Structures are given as C-alpha cells and as structure tokens.
Amino acid sequence: MLGLVVMLGLGCSSEGDEPSSLRIRDSTGAGFDWVCHAEGCEVEAVEGSPPLPACAPGLMPAFLGNPGRFFMVRGTCVMGDGADELVDERILACDLDDDCPETFEGDAYECRAGLCQSADHETYPPEAVPSWAEIFRLCRAESDWYSPLEMGLFDQVDAACPEGREEACQEVPAECAQP
C-alpha cells in the first residue's frame, strides 16, 4: 500500500495549479514526500518509508503531517469521520531550513539541532525545555517505527519532568535527541 495518503489542511508553497513536492525524512532516516497543491498538502510514502500501520477493520492506515513545536510524521489509523488514532510518530530531521515543510496557515519550520522545529519563537521559545510529550518524542526519535517502548522510558521522561506531565520539565535526558 505504498503511497496511500490523506489530505491535510497543511501546505507548502505551491504556485497556481502545479503541485510542489518536498522530500522529507524523519529522525530514523525514513523518507517521505510532502506534496502540496491548491487544496493542501499530504504525506506520501516513498521507497524506504516505513510500512503503513496495521489498523483494525474499517480503519484506513495513513501517514499524516503533525505540526507543533516539532514537525512530525504520524503513522495513524483514520476513522470514517476523519478522526485518527495515533499508532506511532517521528520528528522530521533536517540539515537546512529548506528541508522542513511549512503549514498551509503559514507556520514556518526551521532546522535547529538537526530537527524541524517551529520558527514561532514566541509560542515555542528555543531556550524553553520541551514538555513531557515532546521529551517522550525526542527519546523515541531514533527508535524504529512501531517498535516496542524501551524499558524504563516513562521513568526516564518522568524524571526529567518531576512536577508532572502537565508542568514544565527541567531538562531533556542526555541519551535523547537534543532540541
């Protein structure tokens, strides 16, 4: 099922009716195409992409773009109403700012520390320690897609965020990808 896509309300520069395409890669080195046209953008699997996730009957496996502090690719199972159930996700990796997509709403991403990170420094100050969920993703950055969680991962991330999952964290564990 290589190449299955789902339309998103995200985009990158697309002049007129001609679609544009950007080859993106995640933190494991897996590649995808970020294809944009007048209606929005979509993540397309290419040779070397991980397989689509295994989904329950009636759900459609897909890769989706997921903006936030870090731009991520999600392996997900899409329901009939368009809602999706996350199976796994990875942060996009980069060498240059041009390796990172931008959203349809104009949210830009820049390459910092080899990861596609939001260029909105007011919402996501570069010096701010990531949240519990962001640290969890950083700690999973180099794990193979759909691999079991490493023993002690939750304890490791909880130690970095002693005030709880909804409060500010103190630091990213040294063994995790650094923002």
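The model shown is predicted, which means the values in this text are computed figures rather than measured ones.

Trainee: Can you explain unusual backbone geometry? Please cite residues and give values.
Mentor: Phi is positive for Ala113, which is not a glycine, with a value near 55°. Inspection of the secondary structure assignment puts Ala113 in the loop between strand E7 (109–112) and strand E8 (115–118). Given the relative accessible area of 57%, Ala113 is considered exposed.

Trainee: Tell me about helix H2 (residues 153–160), and please be specific about residues and values.
Mentor: Within H2 the residues assigned to the buried category are Leu153, Val157 and Ala160. Buried residues in H2, looked at end-on, bunch into an arc of 55°, giving them a common side. Of the exposed residues in H2, the ones pointing more than 90 degrees away from its buried face are Asp155 and Ala159. Buried residues along H2 sit in contact with helix H1 (132–139).

Trainee: Hey, could you go over the pairing of strand E6 (residues 84–93) for me, with residue numbers and the actual values?
Mentor: Pairing of strand E1 (residues 20–26) with E6, which is carried by two bridges, proceeds in the antiparallel orientation. Bridge pairing in E6 links Asp26 to Leu92. Bridging between strand E5 (residues 72–78) and E6 involves seven bridges; their strand directions are antiparallel. Paired with Gly75 across the two strands is Asp88, which belongs to E6. In this antiparallel pair of consecutive strands, E5 and E6, the connection spans five residues, and Gly82 shows a positive phi of 95°.

Trainee: Which residues make up the side chain of Asp99, and what values do they have?
Mentor: You can see Asp99 is positioned in the loop between E6 and E7. Buried and unpaired, Asp99 has no salt bridge, with Arg25 as the nearest side chain of opposite charge at 4.3 Å.

Trainee: Break down H1 for me, with residues and values.
Mentor: Within H1, six of the eight residues are buried, which leaves it mostly tucked inside the rest of the structure. On its buried face, H1 is in contact with E6, E8 and H2.

Trainee: I'd like a description of the state of the cysteines, backed by residues and values.
Mentor: With the rule as written, the count across this model stands at six disulfides. Across the disulfide, Cys36 is cross-linked to Cys41 (sulfur-sulfur distance 2.0 Å). Around the S-S axis, the bridge from Cys36 to Cys41 shows a dihedral of about 115° and counts as right-handed. Covalently, Cys55 is tied to Cys77 through a disulfide, its sulfur atoms 2.0 Å apart. The sign of the S-S torsion, about -90°, decides the handedness of the disulfide formed by Cys55 and Cys77: left-handed. Within this pair, whereas Cys55 is found in the loop between strand E3 (40–45) and strand E4 (60–66), its partner Cys77 is found in strand E5, the two being separated by 22 residues in sequence.

How each quantity is defined
Throughout this description, residue numbers start from 1 for each chain and increase along the sequence as written. Totals for whole chains, interfaces and linings use all residues, but because this is a predicted model, local features are given only for residues with pLDDT of at least 70 and pairs of side-chain atoms are given and counted only at 80 or more. Think of the side-chain values as coming from all heavy atoms in the structure, minus any hydrogens and water. A run of DSSP states H or I qualifies as a helix once it reaches four residues; a run of E qualifies as a strand once it reaches two. Both are numbered from the N-terminal end. Here's how the labels work: a residue is buried when its accessible area is under 20% of the maximum for its type, exposed when over 50%, partly exposed in between, all with a 1.4 Å probe on protein chains only. The directions from the helix axis to the C-beta atoms form the arc being described. The contact criterion used throughout is that any non-hydrogen atoms of two residues lie within 4.5 Å. By this definition, two strands are paired if DSSP reports at least two bridges between them. Charge convention: Lys and Arg are scored as positive, Asp and Glu as negative, and His as well as the terminal groups of each chain are ignored. Salt bridge, as applied in this entry: a Lys or Arg side-chain nitrogen positioned within 4 Å of an Asp or Glu carboxyl oxygen. By definition, disulfides here are pairs of cysteine sulfur atoms that lie within 2.5 Å.

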